[in-house]
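# Examining the three-dimensional arrangement
The lines below spell out each chain.
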There are 2 protein chains.
Amino acid sequence: MGAIVTVGSLAFDSIQTPAGKVDQALGGSANYFSISASNFAPTKVVGVVGQDFPKDHIEYLKSRGIDTSGVQWAEGKTFHWQGEYKDDMNQAITHNTELNVFEHFDPKLPESYLGAEYLFLGNIDPELQIHVLEQIRSPKIIALDSMNFWITGAREKLLQALPKIDILIINDGEARLLGDDKNLIAAIEKIAQMGPKALVIKQGEYGSFIMMEGNFFATPALPLRKLVDPTGAGDTFAGGVIGYMAKNNAGLDFPTMKKALLYGTVMSSYTVQDFSINRLKEVTENDIATRYDELMKMITVE
Amino acid sequence: MGAIVTVGSLAFDSIQTPAGKVDQALGGSANYFSISASNFAPTKVVGVVGQDFPKDHIEYLKSRGIDTSGVQWAEGKTFHWQGEYKDDMNQAITHNTELNVFEHFDPKLPESYLGAEYLFLGNIDPELQIHVLEQIRSPKIIALDSMNFWITGAREKLLQALPKIDILIINDGEARLLGDDKNLIAAIEKIAQMGPKALVIKQGEYGSFIMMEGNFFATPALPLRKLVDPTGAGDTFAGGVIGYMAKNNAGLDFPTMKKALLYGTVMSSYTVQDFSINRLKEVTENDIATRYDELMKMITVE
């Protein structure tokens, strides 16, 4: 089993969806990713929080075996995202982003993180992603998430990062933007030329797929009667993917990555069923096994 | 092997897509469906055309073994649809619909059609669908397609038809409208209460899935580098689904229906790669086998 390092946000989210609303709920990519991944392998978080961040949440992460020695406590307030989803749960509408302590975030990996075999660079400034990537010694797998804001606003830096990574994990809209083609397949073929060895494309309620060396593997999402809040689904998904790979000490091994995609799908199905990390926190080994079986049944021809 | 009867439109389509445009090209649900299905099982068409319809196209259908004795030649012009797709190829924009000879269409099944085991009721007025359904003797499987226009405009008639059919084949937007729920899974659970024994939900480039007795099976679409025109993809898909079931003399048998869904996916992948029936006409047995293998590889975990 390998260890995972992730860098990303620990945040407060104020969110409205057709199912309700929450104010200042716990969120952030590193939060969702690490809770998800910790179901599979030891996970170490790099991030920054403000003085208003609840200490007992850090204690909660520790209680899951998550290493938080790379979390910095800075002067000021924690990153705060305010957003909304209307009927289309695949489309987040941002009302306000308060970077706060994230504005001067300088991620530093503690000595105990440097030997980790898996690195997940959560959706932050590509410059910081590169900075983290340069600190870690010789990871087996480096995965990176990004978003439209960086794809358009920090494209050069992102293009510098891509040849250094193994797996790019983005959604279909981001892939169209990055690959600059309205046809998704044409877009990801262009992205493959930018350096990453494998692409994992998330399509929300429609599922996800991998492309690696021209080979495809696709899975649907689980059929859910109720979606509450999709926030964090992508990071939870990545936590399942990288978590399963780490658990199996996998390199860029297509058969293992297929199963990793299924575990990512299973994990994210829990996050969307409640606000914040509420449902994700309660996921048991048995829950994961049950939904994995359900998903396998749904994609098995005979 | 069973025989298939289909009722639907034989039409001219004038279409603009980002890939180009065609005027008065051959189209219509019965056209796409029967050419697709005839790769699998004998197919008999019920429809109506005007005096302007090319006789050599009817000869072409006959050359594929398609029975056209149920095609009526009426006074007047053939049904003509004018539409457009912008960047979102899942969304047709109708500019004009000239019903022409379709306005007074009274479908009549020739005696030779009445013993067919499979009936596909293409997307026409539910009143006509019921009229056809009442003529055929004792089919093993009745499948029905519909669209927003009938779901909102002829809802009562459609609800009368649903308990009489086995398989409803519609797209996700139509399902949300018919089931009156923004959550697709909740919507189709309501539709299942309306009578059809199995639901096949098409999701365009995202693939499709079956729900039958609470069981799900889903498949992605094939990854295509170029989409030319999605018109007819749904009918082509249905032709593959019902064609494969007829070839195997299948009832509502879930394992066979899974494979049928894959064959529907394969067939529709050809239709979208050119305008009209141009690419579909050229599909060989070898083409079908090749893309079926490609699709299987794409969904097989180990």
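Whatever comes next refers back to the structure up there.
Structural notes, computed from the coordinates. (Residues numbered from 1 in each chain as written. Chains lettered and ligands numbered in written order. Predicted model: local features only at pLDDT ≥ 70, side-chain atom pairs only at ≥ 80, totals over all residues.)

When its secondary structure is counted, chain A shows eleven helices and 13 strands. For 302 residues, the compact-globule estimate of 2.2 N^0.38 gives 19 Å, and the C-alpha radius of gyration of chain A, at 18 Å, lies within 12% of that figure. Relative to all contacts within chain A whose residues are 6 or more apart in sequence, the contacts with residues 24 or more apart total 66%. (Helix = DSSP H or I, 4+ residues; strand = E, 2+ residues; numbered from the N terminus. Rg over C-alpha atoms; globule rule 2.2 N^0.38 Å. Contact = placed C-beta atoms within 7 Å.)

The next point concerns the sheet that holds strand β9 (residues 141-145) of chain B. Picture the strands of a sheet paired through backbone hydrogen bonds; they go either parallel or antiparallel. Residue and element names in this part refer to chain B. In spatial order, the strands read β5-β4-β1-β8-β9-β10-β11-β12-β13; together these nine strands make up an open sheet with mixed pairing. Among the strands making up the open sheet, the edge pair consists of β5 (67-73) and β13 (215-219). When strand polarity is set aside, the average angle formed by the axes of neighbouring strands in this sheet is 15 degrees. Where strand β1 (residues 4-7) meets strand β4 (residues 43-49), four bridges bridge the pair, whose relative direction is parallel. Pairing of V7 across the sheet is with V46, part of β4. (Pairing = 2+ DSSP bridges. Axes fitted to C-alpha atoms, helices over the stretch in contact; angles between N-to-C directions.)

All names here are of chain A. Packing of helix α9 (residues 254-271) against helix α11 (residues 285-299) leaves a shortest axis separation of 9 Å and a crossing angle of 120 degrees. Between α9 and α11, the angle is such that the two are oblique. Note on packing geometry: the crossing formed by α9 with α11 is right-handed. Where α9 abuts α11, its residues L262, Y263, T265, V266 and S269 lie against I288, R291, Y292 and L295. (Parallel < 35°, antiparallel > 145°, perpendicular 65-115°, else oblique. Left-handed = near helix turned anticlockwise from the far one by under 90°.)

So, on to the sheet that holds strand β1 (residues 4-7) of chain A. Residue and element names in this part refer to chain A. Taking strand neighbours across the sheet as the criterion, the nine strands line up as β5-β4-β1-β8-β9-β10-β11-β12-β13 in an open arrangement whose pairing is mixed. Across the chains shown, the open sheet's two edge strands, defined by having one partner strand only, are β5 (67-73) and β13 (215-219). In this sheet, adjacent strand axes meet at a mean angle of 15 degrees when their direction is disregarded. Relative to strand β11 (residues 198-202), strand β10 (residues 167-171) is paired through five bridges, and the arrangement is parallel.

Once that is clear, we can look at the relation of the copies chain B and chain A. Each copy of the sequence occupies a distinct position, and chain B is placed on chain A by a rotation of 180 degrees and an axial shift of 0.0 Å, giving an RMSD of 0.0 Å. The symmetry that links the two subunits is that of a two-fold axis. Rotation axis and chain B: the residue whose C-alpha lies nearest the axis is B:Y206, separated from it by 3.1 Å. (Least-squares fit on C-alpha atoms with pLDDT ≥ 70 in both.)

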